[in-house]
Amino acid sequence: MVSTGLLIDQVITGISIGSTLFLIAVGLSLIFGVLEVLNFAHGALYMIGAYMVVVAINDSLGGFWVGVVLAILTVGLIGTVIEMGFLRRVYEREELDQLLLTFAFVLIITDGVRNVFGSGSNVIDPPALFRFDIVFTQGVSIPGYRAFVILMSFVVMGAIFAVLRVTNFGRIVRATSSDRDMALLLGINVPRLYTAVFFIGAALAGLGGALVAPLQSVTPELGNQVIINAFVIVVIGGLGSFGGAFVGAYLIGLMIAVGSVFAAGAGQLFPFVALIVVLLVKPEGLFGGVEA
């Protein structure tokens, strides 16, 4: 019999996991929604973001918050180089060419990080500001930094919706994602827009990696560990749907945490069962067809 306290604790853990998964998946969803490119290198970019925080702390470059800024800028610039130098040349080719190209960058980036930082794991502490616990009831609490990451997932989601719905840049992005040819006829510089969107998507991967770095070991394999869950979330939520990515991330997080209570290993199994069910019943995803 599962106690109520344990179940509540696992739900809180699932929400925490969902927030980190959303920070991973949102950039992937943005890039696909606009460029229609499934970026396999997204996990590797996320891993670089985590390493930027490790470097900022271990090399005394300003600490955690400087590392977050460094992760956003560095990963965004790397994404810009990938888009301008390589992806731009294969937009008109078949999707398989794009997938193979981004997968090649997974291998290149992973081996590059391994050569620079080694294969060992790096563990860092959360910033001192969040070294406290938020207590809900006796025996049920959440670390302050995990609560901060949950809050940041909502902030990122709100910021994306605000930019896309309110700003002129957002309207251009939505128009281009709906009809690229018409956008070209209206004078929109689509290649430049694609570069900007890829920069933002990569920067979001860097932000996600930086924020999650204090919550798990940072290794060269980190990107490979998270990219599978990111793709599961994007497919379940609906390719290119930010609302779908948000809901999907929290659903997967709850499945991982709560599922492990009832059966050992079930937490890792449930997300893939959900993926199969969604593909069979609603192949376009839970929010498929909803404009990003």
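Details of the structure are given in the entry above.
What counts, and at which threshold
- Residues numbered from 1 in each chain as written.
- Predicted model: local features only at pLDDT ≥ 70, side-chain atom pairs only at ≥ 80, totals over all residues.
- Heavy atoms only, no water.
- Helix = DSSP H or I, 4+ residues; strand = E, 2+ residues; numbered from the N terminus.
- Rg over C-alpha atoms; globule rule 2.2 N^0.38 Å.
- Buried < 20%, exposed > 50% of the residue type's maximum accessible area, 1.4 Å probe, protein only.
- Contact = heavy atoms within 4.5 Å.
- Lys, Arg positive; Asp, Glu negative; His and termini not counted.
- Charge placed at Lys NZ, Arg CZ, Asp CG, Glu CD.
- Patch = residues over 30% accessible without salt bridge, like charges linked within 9 Å, V, L, I, M, F, W, Y side chains within 5 Å.
- Areas by Shrake-Rupley, 256 points an atom, 1.4 Å probe, with all protein chains shown as cover.
- Salt bridge = Lys/Arg side-chain N within 4 Å of Asp/Glu carboxyl O.
- Core = buried A, V, L, I, M, F, W, Y, C linked by side-chain atoms within 4.5 Å.
- Expected span 1.5 Å × (residues − 1).

**Student:** Where do I start with the overall build of the chain in this structure?
**Tutor:** Broken down by element type, the chain carries 11 helices and two strands. A globule of 292 residues ought to have a C-alpha radius of gyration of about 19 Å, and the chain, at 19 Å, matches this closely. When the backbone C-alpha atoms are referred to their principal axes, the chain occupies close to 60 × 50 × 35 Å. Taking all 292 residues of the chain together, the buried fraction comes to 49%. A separation of at least 24 residues holds for 75% of the contacts in the chain among residues at least 6 apart in sequence. Distance from the positive charge centre (12 side chains) to the negative charge centre (16 side chains) of the chain: 7 Å.

**Student:** Help me understand a nonpolar patch on the surface, please; the structure alone is not making it clear to me.
**Tutor:** On the surface, a nonpolar cluster with roughly 680 Å² of combined accessible area is contributed by Leu 269, Phe 270, Val 273, Ile 276, Val 277, Leu 280 and Val 281. For Leu 280, the position within the fold is in helix H11 (residues 266–281).

**Student:** For this particular structure, what's the right way to read the side chain of Thr 80?
**Tutor:** Mapped onto the elements, Thr 80 comes out in helix H3 (residues 64–85). Leave out the neighbours within four places in its chain, and Thr 80 touches Gly 85, Thr 195 and Phe 199.

**Student:** What should I look at first to understand the nonpolar core in this one?
**Tutor:** For soluble globular proteins, nonpolar side chains are generally found buried alongside one another. Of all hydrophobic cores here, the largest spans 86 residues; its most connected members are Phe 22, Leu 35, Leu 87, Ile 109, Val 156 and Leu 211. With residues near it in sequence (within four places) discarded, Ile 109 still touches Ala 44, Leu 45, Met 47, Ile 48 and Ile 82.

**Student:** Whenever I open this one, helix H5 (residues 144–166) confuses me. Can you help?
**Tutor:** Structurally, the α-helix is built with 3.6 residues per turn, so residues lying three or four positions apart point the same way. When the terminal C-alpha atoms of H5 are compared, their 32 Å separation across 23 residues agrees well with the 33 Å that a helix rising 1.5 Å per residue should span. All buried positions along H5 are accounted for by Gly 144, Tyr 145, Phe 148, Val 149, Ile 150, Met 152, Ser 153, Val 156, Met 157, Ile 160 and Leu 164.

**Student:** Would you explain the environment of Ala 147 in this entry?
**Tutor:** In this structure, Ala 147 sits in helix H5. Those residues within four positions of Ala 147 in sequence are excluded, and the remaining contacts are Ile 134 and Ile 142.

Spatial relationships are all this shows, so hold off on functional conclusions.
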